[in-house]
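Overview (structure and organization)
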Amino acid sequence: MDFGFGSGDEGFRAEAREWLAGHLVGVYAELAGRGGPGSEHEGAAERRAWERELGAGGWIGLGWEGAEGAYGNRTASLTQQVVWAEEYARARAPGRVGHIGENLLAPTLLAYGDEAQRRRFLPAIARGEELWCQGYSEPDAGSDLAGLRTVAVRDGAGYRVSGQKIWTSLAGEADWCFVLARTDPAGRRHRGLSFLLVAMDQPGRIEVRPIRQMSGTAEFNEVFFDGAVAGHVVGGEGAGWRVAMGLLARERGVSTLVQQIGFAAELAEVVGEAVRCGALRDPVLRDQLVRQWAELKVMRWNALRTLGAAGDAGAPSVAKLLWGGWHQRLGELAMRVRGAAAALGPADWTAQAPYELDALQRLFLFTRADTLYGGSDEIQRDIIAERVLGLPRVERI
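Residues numbered from 1 in each chain as written. Predicted model: local features only at pLDDT ≥ 70, side-chain atom pairs only at ≥ 80, totals over all residues. Heavy atoms only, no water.

1. Details of the packing of aromatic side chains
Our working definition: Stacked, edge-to-face and tilted labels apply to pairs of Phe, Tyr and Trp rings (six-membered ring for Trp) whose centres lie within 6.5 Å, assigned for plane angles under 30 degrees, over 60, and everything in between, in that order. What counts as a helix is a DSSP run of H or I of at least four residues, what counts as a strand is a run of E of at least two, and both are numbered from the N terminus. To sort residues, take the accessible area from a 1.4 Å probe on protein chains only and compare it with the maximum for the residue type: under 20% means buried, over 50% means exposed, and anything in between is partly exposed.
Counted by the stated rule, this structure contains 16 aromatic pairs. Look at Trp-19 and Trp-50: their rings are 5.8 Å apart centre to centre, the planes differ by 45°, and that puts the pair in the tilted class. Residue Trp-19 is located in helix α1 (residues 7–23), and its partner Trp-50 is located in helix α2 (residues 44–56); the two are separated by 31 residues in the primary sequence. In terms of burial, Trp-19 and Trp-50 fall into one category: buried. Both rings, one in Tyr-28 and one in Trp-50, keep their centres 5.1 Å apart while their planes meet at 55°; by these two values the pair is tilted. A residue pair is termed long-range when its members are at least 10 positions apart, and Tyr-28 in the loop between α1 and α2 and Trp-50 in helix α2 qualify at 22 residues. Comparing Tyr-28 with Trp-50 shows no difference in burial state: the two are buried.

Here is the structure:
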């Protein structure tokens, strides 16, 4: 395929590069490369200030369709969005704490919300002032989202939400959470669900508990709702499944390309380690490294091929299957390259710091989850089988 950038795109690239160089200074320069998968908890306060810096520069909301500058965001074409994502990754700018609001909630409000909801929430997201988290998965309803048990009961003009969510990224820092809950107790599975917006600052009604992982860090959280007030329902009562599925489809796209730039940097680090420790002399390991490189190129071409395409029910699932397995294999390969030395941490064990790990060890541990979160491989294959290949649907109770 022929994919190229025009002169306007290159001018946009120069502007983005100049802005990043002028603002990634001081405390923000110290955040370089921090805040990504496996280190989402690092520098939360400084990265929140960085969101406001991005908002002041107009760099939040570049891809909001139908909101061309209406909420303080810049207008950018699809190729310019790719340019910004590439420059952001190459500058090793901090991991975004506002990406859930910008890339998931905002497009969902533009597609399904009413004008009052857009005017209430989108300007604050565009300024980098309000952070969001996602209340989907539950202890007994992870990949099978339709089996959720969180309930919301009518209370005046709003709802009272009770239940538990799990694996909630940034719940401790978020101001708001979009929650999928059952509003019709007679509804079965995906029927009777609603998409609610819940303020997180409700003492006594919302409790956030960090989940300590085997890496020693706590990127995820449990969230307990005990009569929490929800004043906004998106898309109307009972339309939660349609809205939630529309949101999940927006997790792919330009963000996939910037993700792959991060993957390329991680692959380069693994190759560098193989050179340093002499693992490249092993023909099997050398072949595996070349295969990782080739598969990453294929993923990029596939992402470019499907960029901006509409109506392809299987594209998001194919993309998830590709990158989830690839990233997990990279983590395994990072440990294989080191051999027995992979079991040793960079510092001696102490009671105060029992989980001292280096970047490649964190990569290995974190990528164990890549084929589970965001929809497990089994669920993605079910979607492709049913919605693309037309195979019989599996009845779930």
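So that's the structure; there's more coming.
2. Regarding the state of the cysteines
The condition is simple: Count a disulfide wherever a pair of cysteine sulfur atoms falls within 2.5 Å.
The tally for this structure, following the rule as stated, stands at 0 disulfides. Left unpaired, Cys-177 is separated from the closest cysteine sulfur, that of Cys-133, by 3.6 Å. Residue Cys-177 is classed as buried on the basis of its relative accessible area of 1%.

3. Let's talk about the nonpolar core
Operational definition: As used here, the term nonpolar core means buried Ala, Val, Leu, Ile, Met, Phe, Trp, Tyr and Cys residues forming a set that is joined through side-chain atoms within 4.5 Å. Contacts: residue pairs with any heavy atoms within 4.5 Å of one another.
In terms of nonpolar packing, the biggest core is built from 49 residues, with Trp-50, Trp-64, Trp-84, Trp-132, Phe-178, Phe-195 and Leu-197 touching the most fellow members. Taken together, the elements giving at least two residues each to this core come down to α1, α2, α3 (78–90), α4 (99–112), α5 (115–126), β4 (176–182), β5 (193–199) and α6 (240–249). No other element matches α4, which puts 6 residues into this core. Discounting chain neighbours no more than four positions away, the residues touching Phe-178 are Ile-100, Leu-104, Leu-105, Trp-132, Cys-133, Gln-134, Gly-135, Tyr-136, Phe-195, Leu-196, Leu-197 and Leu-247. In this structure, Phe-263, Met-335, Val-337 and Leu-363 belong to the second largest nonpolar core, which totals 19 residues.

4. A few points about the pairing of strand β1 (residues 132–135)
Threshold: At least two bridges found by DSSP between two strands are what make those strands a pair.
In β1, alternate side chains face the same way, and those of Trp-132 and Gln-134 on one face and Cys-133 and Gly-135 on the other are all buried. Two elements, β1 and β4, share 4 bridges in a ladder whose sense is parallel. Bridge pairing links Gln-134 to Phe-178 in β4.

5. Notes on unusual backbone geometry
Positive phi, normally seen in glycine, also occurs at Arg-92, with a value near 55°. Here Arg-92 is to be found in the loop between α3 and α4.

6. Focus: the side chain of Glu-102
As for its placement among the helices and strands, Glu-102 is situated in helix α4. Excluding residues within four positions of it along the chain, Glu-102 makes contact with Trp-59, Ile-60, Gly-61, Leu-62, Trp-64, Arg-96, Pro-107 and Ile-125.

7. Overview of the pattern of salt bridges
Formally: One side-chain nitrogen of Lys or Arg within 4 Å of one carboxyl oxygen of Asp or Glu is enough to make a salt bridge.
Overall, the coordinates contain 25 salt bridges when judged by the stated rule. The partner of Glu-332 in a salt bridge is Arg-368, with the nearest N and O atoms 2.8 Å apart. Of this pair, Glu-332 sits in helix α9 (residues 315–338) while Arg-368 sits in the loop between α10 (359–366) and α11 (377–388), placing them 36 residues apart in sequence. Judged by its relative accessible area of 24%, Glu-332 falls in the partly exposed class. Put simply, Glu-10, Arg-13, Arg-17, Glu-86, Glu-87, Arg-90 and Arg-300 are held in one network by salt bridges that share partners.

8. Quick look at the packing of α9 against α11
How two helices sit against one another is set out by the angle between their axes and by the gap between those axes. Spelled out, the test is: Axis definition: a line fit to C-alpha positions, over the contact stretch in the case of helices; interaxial angles, taken between N-to-C directions, run 0 to 180 degrees. In this scheme the crossing of two helices becomes right-handed for a clockwise turn of the near helix relative to the far one and left-handed for an anticlockwise turn of less than a right angle. Polarity classes work like this: nonpolar for Ala, Val, Leu, Ile, Met, Phe, Trp, Tyr, Cys and Pro, charged for Asp, Glu, Lys and Arg, and polar for all others, with Gly in that last group.
Two numbers describe how α9 lies on α11: the axes approach to 9 Å, and their chain directions differ by 145°. Crossing hand, α9 versus α11: left-handed. Contact residues: α9 offers Ser-317, Val-318, Lys-320 and Leu-321, while α11 offers Asp-377, Gln-380, Arg-381, Ile-383 and Ile-384. Residue composition of the contact of α9 with α11, by class: 4 nonpolar, 2 polar and 3 charged.

9. Some remarks on α11
In plain terms, the rule: To estimate how far a helix should extend, the number of its residues minus one is multiplied by 1.5 Å.
Compared with an ideal rise of 1.5 Å per residue, which puts 12 residues at 16 Å, α11 spans 16 Å between its outermost C-alpha atoms and is within 8% of the ideal. Elements in contact with the buried residues of α11: α9.

10. Quick word on the environment of Asp-358
Stated precisely, the cut-off is as follows: Here a polar contact is taken to be a pair of N or O atoms separated by no more than 3.5 Å, where protein atoms must pair a possible hydrogen donor with a possible acceptor and residues adjacent in sequence count only if both atoms sit in side chains.
Residue placement: Asp-358 occurs in the loop between α9 and α10. Separated by 84 residues in the primary sequence, Asp-358 and Ala-274 place their C-alpha atoms 16 Å from one another. Ignoring sequence-local partners within four residues, the contact set of Asp-358 consists of Arg-338 and Pro-346. Reaching out from Asp-358, the side chain makes a polar contact with the backbone nitrogen of Leu-360 at a distance of 3.2 Å. Separated by 2.9 Å, the side chain of Asp-358 and the backbone nitrogen of Gln-361 make a polar contact.

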